[in-house]
Amino acid sequence: MHDDRIFEGLITSVSDDGSGITHNDGYTVFVKNACVGDKCLIEITKANKNYGFGVIKGLLTPSPHRIEPQCHSFPACGGCTLLHTDYSFQLELKRSIVRDALTRIGGFENVYVHETVPSEPSFYYRNKSQYPVGGKVGDVKIGFYSAKSHNVINNDNCLIETPDSRLVVSAVKNWMNKYKIAPYDENRHSGAVRHVYFRSAKTSIAVIVSRIANVPHLETLKAELLSLPLSAPLSGIVLNVNPNKTNTVLGKKDKILYGANYILASIGEITYKVSYRSFFQVNSFTTHLLYQKTLDLCALSKNDTVFDLYCGIGTISLFLAKHAKKVIGVEIIPSAVSDAKENAKLNNIQNASFYEGAAEEVCPDLIKKGEKADIVVVDPPRKGCAEPLLEAIAKMNPKKIVYVSCNPATLARDAKYLRTAYGYTLTEAYPFDQFPHSTHVETVCLLSKVI
């Protein structure tokens, strides 16, 4: 354990959760709400053997990249972690995060990491919002959890959520206060409304998540929501019932109060029917650019068959389909596979087929049945790809693997495995800022077989 509780330090980098990183005689300290370039007086509040956590006791020389946060809920709200850092430097940080992961974890020495593609705009970009509900009867709070807690912070003007979502939240809060609808109390497992969930694209949907099914005055709420001047017309209002004592937001039972349980969205020329439960990139502005880069790296010809793994509702599959001979999507979630098939019909795309199951099981069967994989696109969750899946991909022997990643660390790990075990390597990486004002970064890169 380190003994020097208070010291002067220079913040040299940023951690995954947005904390500043400094060192004191070789001892690493993570500092909340610090900015890279800050010289500050730091107090260690918790010391482990090899690293500690600290807070700023005094800002001696502010970083040239430090700005005044525009959000009154920062830093109490745990949603954004880089609002005190100017946006151009956020883009540099994300580029360095990707470069560091590929070098340190992946062992790649000569990968060129391109400049991070910015989100334009960098505010009001999220097409999906979910707000926890707290407070008490007559004094409802709807907003976000404060960092590392379940205390609900009221937030009426979030800078990354859409203006439409704020209108919906305000309407729900007013309705709950007017009709004395009880907010959920997770300690007592009592009350009714737990979350407000909103999603928007070409159309929008509002979901009220409740502990109980018989919420009073729902017809009044429906009328209020339908009267809102939303930029994306409200195509659905859903009551989702989650009676369980759990941190999981959504329950299994839905009651459609109005319209449908999905929205319509588009990327380029493709229109998608997106169930409100389905995965869809939250930043519509950069998603098109991200998928266009994926298409560019595939460099498809009309003779190519593409396997799209973790295909979800077919977003990438259908975006690529008109440039390829055939696209085969594989996804483990049954409802997403159904949506993908429906989206292919919606866009009159006939050279895309979708299969349900774990990719490491489905792909070998398809290869045995005569399918070939010229190119594999993989877009896994944050945990990346398990080794059996990477083995299955390599045994398909594609000439190219295009890896879309939301976690540079697991991208680097998986790319290292594909290089050392199967001879695939990469020379370039392209970061995209899907999540401005956080440390999250999306990356796409091409892995090619070394001949």
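Residues numbered from 1 in each chain as written. Predicted model: local features only at pLDDT ≥ 70, side-chain atom pairs only at ≥ 80, totals over all residues. Heavy atoms only, no water.

Q: Help me out: how do you make sense of the pairing of strand β21 (residues 400–405) in this one?
A: It is a general feature of regular strands that their side chains alternate between the two faces of the sheet. With six of six residues buried, β21 lies mostly within the body of the structure. Where strand β20 (residues 375–378) meets β21, four bridges bridge the pair, whose relative direction is parallel. For V377, the partnering residue across the bridge sits in β21 and is V402. In this fold, the crossover linking β20 to β21 by way of helix α8 (residues 387–396) has right-handed handedness. Here six bridges tie β21 to strand β24 (residues 442–449), and the two strands are oriented antiparallel to one another. Paired with V404 across the two strands is V444, which belongs to β24. (Buried < 20%, exposed > 50% of the residue type's maximum accessible area, 1.4 Å probe, protein only. Helix = DSSP H or I, 4+ residues; strand = E, 2+ residues; numbered from the N terminus. Pairing = 2+ DSSP bridges. Right-handed = clockwise from strand over helix to strand, strands pointing away.)

Q: Could you clarify how one ought to interpret the pattern of salt bridges in this entry?
A: Oppositely charged side chains are able to pair whenever their charged atoms sit close together. Across all of its chains, the model carries 14 salt bridges by this definition. Between R277 and D254 there is a salt bridge, with its nearest N and O atoms 3.3 Å apart. Linking R277 in the loop between β16 (270–275) and α4 (284–298) with D254 in strand β14 (residues 253–259), this pair joins segments that are 23 residues apart in sequence. (Salt bridge = Lys/Arg side-chain N within 4 Å of Asp/Glu carboxyl O.)

Q: How do you make sense of the side chain of S438 when you look at a structure like this?
A: Relative to the helices and strands, S438 resides in the loop between β23 (428–432) and β24. With relative accessibility at 8%, the residue S438 sits in the buried group. When neighbours within four sequence positions are excluded, S438 is seen to be in contact with T81, L82, Q90 and K94. (Contact = heavy atoms within 4.5 Å.)

Q: Quick question: what am I supposed to make of the sheet that holds strand β3 (residues 20–24) here?
A: Pairing between the strands of a sheet is mediated by backbone hydrogen bonds and can be parallel or antiparallel. The six strands are arranged β1-β5-β6-β4-β3-β2 in an open sheet whose pairing can be described as mixed. The two strands at the open ends of the sheet, each matched to only one other strand, are β1 (6–10) and β2 (13–14). Pairing of strand β5 (residues 39–47) with strand β6 (residues 51–61), which is carried by eight bridges, proceeds in the antiparallel orientation. Counted as the bridge partner of C40 is L59 from β6.

Q: Would you explain a nonpolar patch on the surface in this entry?
A: The grouping of I6, L41 and L60 at the surface amounts to a nonpolar patch, some 240 Å² of accessible area in total. Tracing the sequence through the fold places L60 in strand β6. L60 gets classed as partly exposed once you look at its relative accessible area, which sits at 41%. (Patch = residues over 30% accessible without salt bridge, like charges linked within 9 Å, V, L, I, M, F, W, Y side chains within 5 Å. Areas by Shrake-Rupley, 256 points an atom, 1.4 Å probe, with all protein chains shown as cover.)

Q: How should the pairing of β16 be read in this particular structure?
A: Within β16, six of the six residues are buried, which leaves the element mostly enclosed by the surrounding structure. The alternating pattern of β16 places I270, Y272 and V274 and T271, K273 and S275 on opposite faces, both of which are buried. Of the pairings in the sheet, the one linking strand β15 (residues 262–267) to β16 comprises six bridges and is antiparallel in character. Its bridge partner lying in β16, I263 is registered against V274. In this structure, the hairpin formed by β15 and β16 is closed by a connection of two residues, where G268 is found at a positive phi of approximately 60°.

Q: Explanation requested: α8 in the structure shown.
A: Think of an α-helix as turning once every 3.6 residues; residues three or four places apart then point the same way. Turning to α8, its buried residues are L389, L390, A392, I393, A394 and M396. Here the buried face of α8 lies against β17 (305–309), α7 (359–368), β20, β21 and α9 (408–422). At the exit of α8 stands N397, carrying a positive phi of roughly 55°.

Q: How do you make sense of the packing of α7 against α8 when you look at a structure like this?
A: Geometry of a packed helix pair, given as the angle between the helix axes and the separation of the axes. Where α7 contacts α8, the two axes come as close as 8 Å, and the packing angle between them is 20°. Judged by the inter-axis angle, α7 sits roughly parallel to α8. Seen along the crossing, α7 lies across α8 with a hand that is left-handed. Residues A359, E360, C363, P364 and I367 of α7 form the contact with α8, whose own contacting residues are P388, L389, A392 and M396. In terms of residue class, the contact of α7 with α8 is built from eight nonpolar, no polar and one charged. (Axes fitted to C-alpha atoms, helices over the stretch in contact; angles between N-to-C directions. Parallel < 35°, antiparallel > 145°, perpendicular 65-115°, else oblique. Left-handed = near helix turned anticlockwise from the far one by under 90°. Nonpolar A, V, L, I, M, F, W, Y, C, P; charged D, E, K, R; others polar.)

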